[in-house]
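Chain by chain, the residues:
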Amino acid sequence: GWYGLPFALDILLEETQRELLVHLPHFLACKGTLVGLRDLLALYTGVTPAIQEIDGAPRFAVTFAPKPANWETLRAQVIRLIDWFKPVHTTFTLE
């Protein structure tokens, strides 16, 4: 991927690609935080997800409601993005 990112940008609209690249330094500074992950996913998909930490466990759930219009295309990339960006030693579910 571009700049060593483990997810595809070329499946996104050109305007979204530009926005991601402009904000990439901010996102990299926030890597490992759930707030940063939420903001990155919102820009990447066009839908702000709900992220809920699961009490007492190093796990969290990411929920998109509604699903992005091109969800079938984005889903695998979103999983890769979350896995790369998430806090270390945590697991997640994508709903």
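I will try to describe carefully the structure that is included in this document. The shown structure was predicted, so the numbers you read here are calculated from the model rather than taken from an experiment.

## Regarding the nonpolar core
Alright, step 1. Counting residues in hydrophobic clusters, the biggest one holds 24 residues, and the most contacted among them are Leu-37, Leu-41, Tyr-44, Phe-64, Val-78 and Ile-82.
Alright, step 2. If you list the elements that add at least two residues to this core, you get helix H1 (14-29), helix H2 (34-45), strand E2 (59-63) and helix H3 (71-85).
Alright, step 3. Of the residues forming this core, the biggest block, six residues, is contributed by H3.
Alright, step 4. Those residues in contact with Ile-82 that sit more than four places away from it in its chain are Leu-37, Leu-41, Phe-60, Val-62, Phe-92 and Leu-94.

## Side note on the pattern of salt bridges
Alright, step 1. Inspection of every chain in the model, using the stated rule, returns two salt bridges.
Alright, step 2. Between Glu-14 and Arg-18 there is a salt bridge, with the nearest N and O atoms lying 2.3 Å from each other. Placement of both Glu-14 and Arg-18 in helix H1 is noted, with a separation of four residues, approximately one turn of the helix.
Alright, step 3. Assessed through its relative accessible area of 48%, Glu-14 is described here as partly exposed.

## Focus on the packing of H1 against H2
Alright, step 1. Following both chains from N to C, one finds H1 and H2 inclined at 170 degrees, their axes separated by 10 Å at the closest point. If you check the angle between H1 and H2, you find them roughly antiparallel. For H1 against H2, the interelement crossing comes out left-handed. Contacts between H1 and H2 involve Thr-16, Glu-19, Leu-20, His-23 and Phe-27 on the former and, on the latter, Gly-36, Asp-39, Leu-40, Leu-43 and Tyr-44.
Alright, step 2. Its residues assigned to classes, the contact of H1 with H2 comprises five nonpolar, three polar and two charged.

## Some remarks on H1
Alright, step 1. With 16 residues, H1 extends 23 Å from end C-alpha to end C-alpha; this agrees with the ideal 22 Å at 1.5 Å per step.
Alright, step 2. Maximum bend of H1: about 55 degrees, positioned at His-23, with proline Pro-25 one to four residues after it.
Alright, step 3. What H1 keeps buried is the set Thr-16, Gln-17, Leu-20, Leu-24 and Phe-27.

## Focus: the sheet that holds strand E3 (residues 91-94)
Alright, step 1. The three strands are arranged E1-E2-E3 in an open sheet whose pairing can be described as mixed. Each of the sheet's edge strands pairs with one partner strand only, and the pair in question is strand E1 (50-54) and E3. Direction aside, neighbouring strands of the sheet carry axes that sit 20 degrees apart on average.
Alright, step 2. In this structure, E1 lies alongside E2, joined through five bridges in antiparallel fashion. Along E2, the bridge assignment pairs Gln-52 with Ala-61.

Analysis parameters
- Residues numbered from 1 in each chain as written.
- Predicted model: local features only at pLDDT ≥ 70, side-chain atom pairs only at ≥ 80, totals over all residues.
- Heavy atoms only, no water.
- Core = buried A, V, L, I, M, F, W, Y, C linked by side-chain atoms within 4.5 Å.
- Buried < 20%, exposed > 50% of the residue type's maximum accessible area, 1.4 Å probe, protein only.
- Helix = DSSP H or I, 4+ residues; strand = E, 2+ residues; numbered from the N terminus.
- Contact = heavy atoms within 4.5 Å.
- Salt bridge = Lys/Arg side-chain N within 4 Å of Asp/Glu carboxyl O.
- Axes fitted to C-alpha atoms, helices over the stretch in contact; angles between N-to-C directions.
- Parallel < 35°, antiparallel > 145°, perpendicular 65-115°, else oblique.
- Left-handed = near helix turned anticlockwise from the far one by under 90°.
- Nonpolar A, V, L, I, M, F, W, Y, C, P; charged D, E, K, R; others polar.
- Expected span 1.5 Å × (residues − 1).
- Bend = angle between axes of the 7 residues up to and from the residue.
- Pairing = 2+ DSSP bridges.

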